[in-house]
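For reference, the chains in residue letters:
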Amino acid sequence: MVLAADAYVTGSINKIYAPVTLSVDNCTFGKFVDGGTNIDYQETTTAIAVPAGSYLEGPFTQLHTSAHVSVIYYTGPLIVS
């Protein structure tokens, strides 16, 4: 899924691809449980720089991207805001 710039996404996110350099400035690493309680491993609000042409591997239960478009690889339902 192509994710718009400055977007929040929640769900079963495997990884994020950065076609241009971007920043993930709020994310939670963990396993998404549809209809249940997520298993969160670690949450960070520290910006993670993702170089152009590279991936940031999850799994994630939620994340927020900076002012650039990105590509999200996921399984299951997503909520994007």
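Each remark here, short or long, concerns the structure printed above.
Before going into details, it helps to say that this report is about the structure given with it. Every value quoted in this text rests on a predicted model; they were computed, and no experiment measured them.

A short note on the overall build of the chain
Counting secondary structure elements, the chain contains zero helices and seven strands. Ordered by position in the sequence, the α and β elements of the chain form the string β-β-β-β-β-β-β. For the chain, the C-alpha radius of gyration of 11 Å lies close to 12 Å, the compact-globule estimate for 81 residues. Expressed as lengths along the three principal axes of its C-alpha atoms, the size of the chain is roughly 35 × 25 × 20 Å. Split into buried and exposed, the 81 residues of the chain put 35% on the buried side. Once local pairs closer than 6 in sequence are excluded, the contacts in the chain between residues at least 24 apart make up 78%. Accessible area of the chain: about 4,400 Å², with a carbon and sulfur share of 56%.

Overview of the packing of aromatic side chains
In total, this model carries three aromatic pairs according to the counting rule given. Judged by centre distance (5.0 Å) and plane angle (50 degrees), the rings of Tyr17 and Tyr55 are tilted. Remark: Tyr55 occurs in strand β6 (residues 54-65) and Tyr17 occurs in strand β2 (residues 8-18); sequence separation between them is 38 residues. Ring plane angle 55 degrees and centroid distance 5.9 Å describe the contact between Tyr55 and Tyr73, whose orientation is recorded as tilted. Here Tyr55 is found in strand β6, whereas its partner Tyr73 is found in strand β7 (residues 70-80), with 18 residues between them in sequence. With a relative accessible area of 40%, Tyr55 lands in the partly exposed category. When its relative accessible area of 34% is taken as the criterion, Tyr73 is described as partly exposed.

Reading the values: the criteria
- Residues numbered from 1 in each chain as written.
- Predicted model: local features only at pLDDT ≥ 70, side-chain atom pairs only at ≥ 80, totals over all residues.
- Heavy atoms only, no water.
- Helix = DSSP H or I, 4+ residues; strand = E, 2+ residues; numbered from the N terminus.
- Rg over C-alpha atoms; globule rule 2.2 N^0.38 Å.
- Buried < 20%, exposed > 50% of the residue type's maximum accessible area, 1.4 Å probe, protein only.
- Contact = heavy atoms within 4.5 Å.
- Areas by Shrake-Rupley, 256 points an atom, 1.4 Å probe, with all protein chains shown as cover.
- Phe/Tyr/Trp six-rings, centres within 6.5 Å; stacked < 30°, edge-to-face > 60°.

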